[in-house]
Amino acid sequence: MTLRPRIGVVVGWLPPFVVFALVVGLWEGLVRALHVQQFLLPKPSTIISVFWTQRHVLWPAGWYTFKEALGGFAIGSGAGVVAATVVGRFRTAGQALMPIFIAANAVPIIAFAPIFGAWFNPIQPQSKMAIAAVLCFLPVMVNTLRGLQSARPRQVELMRSYAASELEIWRRVRVPTALPFLFTALKVASVLSMIGAIVGEYFGGAMNALGVTINTDAQIFQFDAAWAGILVASLLGIALYGAVVLAERLIVRWSPEARAS
Amino acid sequence: MSEVTATPAVVRVEGVTKTFPRGYVTALENIELEIAPREFVSLIGPSGCGKSTLLRVIGDLIEPTAGTVRVNGKSARQARRDGDYGIVFQEAVLYDWRSIAKNIALPLEMLGWSRQRRRERVAEMLDLVELTSFADHHPWQLSGGMQQRVAIARALSFEPSLLLMDEPFGALDEMTRERLNLELLSIWEQTGNSVVFVTHSISEAVFLSSRVVVMSPRPGRIAGVVEIDLPHPRTVDTREASRFFELVTEVRELLRMRGEHLLPEEEAVLE
């Protein structure tokens, strides 16, 4: 495109970047000035250097965990979309299932992590995928359903006046209406899937998994390494989130968020 | 029973009654109405007089409790299936995810027109409502008046024999409304379809119509019909003609006779 939107993007990103730099700078300065002990809070510079020196351990571990999160994200979100479609299409199914889903939503799923470990082999990635999938399922399901039900009555009425079948109304009105809702949910789910995978690994997992690495490092007081692990987890979480945002920009080009860019 | 009429009616409403299941409202009671080809008929009346309900019954969006509606000699349902209706609501009801051109093309897609034929017709319609340069825009980029013009273009795109308009300019400012009134009239003269037009505005009804049907509420009935004999084509000057004021007064008297006042902010909230 032309130059103007690019300048707009730079200007838009500048304030958060400045704030981020300030926070990191302040962190570094305060830790040095107050002589904070390493195990309480390492300096950002220390974390970065460990992040670099241990890259051969951290990145494969991160990738291993990321794949678990991604698998769980795909399975949970896919199931959420399917469930929302079924519940939205058949009223009776909705009446039977929605109260259960809403009640289940209030359950702290992460509490089940040790159980999942027992159901699947805790060393295998499946148990972490299961946790991530269960965490992703409900927000995707609930939001997609709300989206499918948000078509404006007049838009449906107008389609009826064109003698459109229910299937056509579904395809041409309900699904496009639901897409912005779906992407909102996928953004939440992308974050939840990383949380699910890592917390799952805290209860036991493969030796080369990021959650296990962070947990072990913390137990043997290598807090700088634990922090570096957290940094890897954060970067991967942001990457997944960013991928969802990118897909949203490409697919939902008519939404208010797309308008801003 | 089956007399042969010289000009077959586009719409024939016979003994239509509509009561809503909630019980206490009789939205329409024993409505009789005939609309000839090329006629522009306005339905006017206060809240709850059932004018929007009548429009929806004609368009087969609501089923009457009793009575029949024939459109082009067919049942309303068949007419809907045949694509005899072009409908415009108070809101433009555009599909946000479709460009302006694709919004206009939607009914054509539903009717199975080929891509080439769709493209030609959309170009024609965009030209008609003077929005050619906005073809690839999305609805949110257009003003309310422009959106309503898109809705009109879409309703006309498949050449329906009957245009049903439910307060199409009700949400627009006075100046835009008057301009679109003129535009609608010139389109109507070009295309030659019949129009049923629901409005709250007496002057709008008189200015546009060949006939104004005045309705009264509780239960919804036809209180009277005013023939509008203003000459065509109607222009800005029509609104200043003395005959225009006489007709406006006539409609107003009919409304007042029913002891009802017409408020611009009133809305039919029966649906």
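Since the structure is predicted, the reported quantities are computational estimates derived from the model, not experimental observations.

S.K.: A description of the side chain of Ser127 of chain A should follow, citing residues and the corresponding values.
M.R.: All names here are of chain A. Position of Ser127 among the secondary structure elements: in helix 6 (residues 126-148). At a separation of 2.8 Å, a polar atom in the side chain of Ser127 contacts the side chain of Lys128. Beyond its immediate chain neighbours, meaning those up to four positions away, Ser127 contacts Phe116, Gly117, Phe120, Asn121 and Pro122.

S.K.: Tell me about the interface of chain A and chain B, and please be specific about residues and values.
M.R.: Interfaces are often sized by the accessible area lost when the parts come together. On the side of chain B, 21 residues touch chain A, which itself brings 18 residues to the contact. Between chain A and chain B, a total of about 2,100 Å² is buried, with carbon and sulfur atoms accounting for 62% of that surface. Together, Arg154, Tyr162 and Arg172 of chain A form the three largest contributors to the area buried by chain A at its contact with chain B, with a combined 32%. Inspection of the chain A/chain B interface yields four salt bridges.

S.K.: Hey, could you go over the sheet that holds strand 5 (residues 74-75) of chain B for me, with residue numbers and the actual values?
M.R.: Residues and elements named next belong to chain B. The strand order 2-1-4-5 describes an open sheet built from four strands, whose pairing is antiparallel. Strand pairing shows two members of the sheet lacking a second neighbour, strand 2 (26-35) and strand 5, which therefore form its edges. Note: strand 1 (residues 11-19) against strand 2, six bridges, orientation antiparallel. Note on strand 2: the bridge partner recorded for Val11 is Ile35. On the sheet, helix 1 (residues 51-58) packs against strand 1, strand 2 and strand 4 (66-71) and is oriented at approximately 60° with respect to strand 2.

S.K.: Before we move on, could you go through the nonpolar core and cite the residues and values that matter?
M.R.: Grouped together as the largest cluster of nonpolar side chains are 110 residues, with contacts concentrated most on Met159 of chain A together with Leu43, Leu54, Tyr85, Leu162, Val206 and Val251 of chain B. Val251 of chain B has contacts with Ile44, Ile202, Val206, Val212, Val214 and Val226 of chain B, leaving out every residue within four places of it along the chain.

S.K.: Run through the pairing of strand 3 (residues 40-44) of chain B, naming residues and quoting values.
M.R.: Residues and elements named next belong to chain B. Counting buried positions along strand 3 gives five out of five residues, so the element sits mostly inside the fold. Side chains of strand 3 alternate between two faces, with Phe40, Ser42 and Ile44 and Val41 and Leu43 buried alike. By the bridge criterion, four bridges tie strand 3 to strand 9 (residues 211-216) in an arrangement that is parallel. Note on strand 9: the bridge partner recorded for Leu43 is Val213.

S.K.: Any chance you could break down the packing of helix 4 (residues 115-128) of chain B against helix 5 (residues 144-157) of chain B for me, citing the residues and the numbers?
M.R.: All names here are of chain B. Closest axis-to-axis distance for the helix 4/helix 5 pair is 9 Å, and the angle between their directions is 135°. One way to sum up the angle between helix 4 and helix 5 is to call them oblique. The hand of the helix 4/helix 5 crossing is right-handed. In contact with Arg121, Met125 and Leu128 of helix 4, helix 5 contributes Ala153, Leu156 and Ser157. Looking at the contact of helix 4 with helix 5 residue by residue, the classes come out as four nonpolar, one polar and one charged.

S.K.: Residues and numbers for the packing of helix 3 (residues 55-89) of chain A against helix 9 (residues 210-219) of chain A, please.
M.R.: Residue and element names in this part refer to chain A. With their axes 7 Å apart at the nearest point, helix 3 and helix 9 run at an angle of 130° to one another. The angle between the axes of helix 3 and helix 9 places the two elements in the oblique class. Packed against helix 3, whose contacting residues are Leu58, Ala61, Gly62 and Thr65, the element helix 9 presents Leu210, Gly211 and Thr213 at the interface. Considering only residue class, the contact of helix 3 with helix 9 consists of three nonpolar, four polar and no charged.

Reading the values: rules and limits
- Residues numbered from 1 in each chain as written.
- Chains lettered and ligands numbered in written order.
- Predicted model: local features only at pLDDT ≥ 70, side-chain atom pairs only at ≥ 80, totals over all residues.
- Heavy atoms only, no water.
- Helix = DSSP H or I, 4+ residues; strand = E, 2+ residues; numbered from the N terminus.
- Polar contact = N/O pair within 3.5 Å; in protein donor to acceptor, adjacent residues only side chain to side chain.
- Contact = heavy atoms within 4.5 Å.
- Buried area = accessible area lost by both parts, 1.4 Å probe.
- Salt bridge = Lys/Arg side-chain N within 4 Å of Asp/Glu carboxyl O.
- Pairing = 2+ DSSP bridges.
- Axes fitted to C-alpha atoms, helices over the stretch in contact; angles between N-to-C directions.
- Core = buried A, V, L, I, M, F, W, Y, C linked by side-chain atoms within 4.5 Å.
- Buried < 20%, exposed > 50% of the residue type's maximum accessible area, 1.4 Å probe, protein only.
- Parallel < 35°, antiparallel > 145°, perpendicular 65-115°, else oblique.
- Left-handed = near helix turned anticlockwise from the far one by under 90°.
- Nonpolar A, V, L, I, M, F, W, Y, C, P; charged D, E, K, R; others polar.

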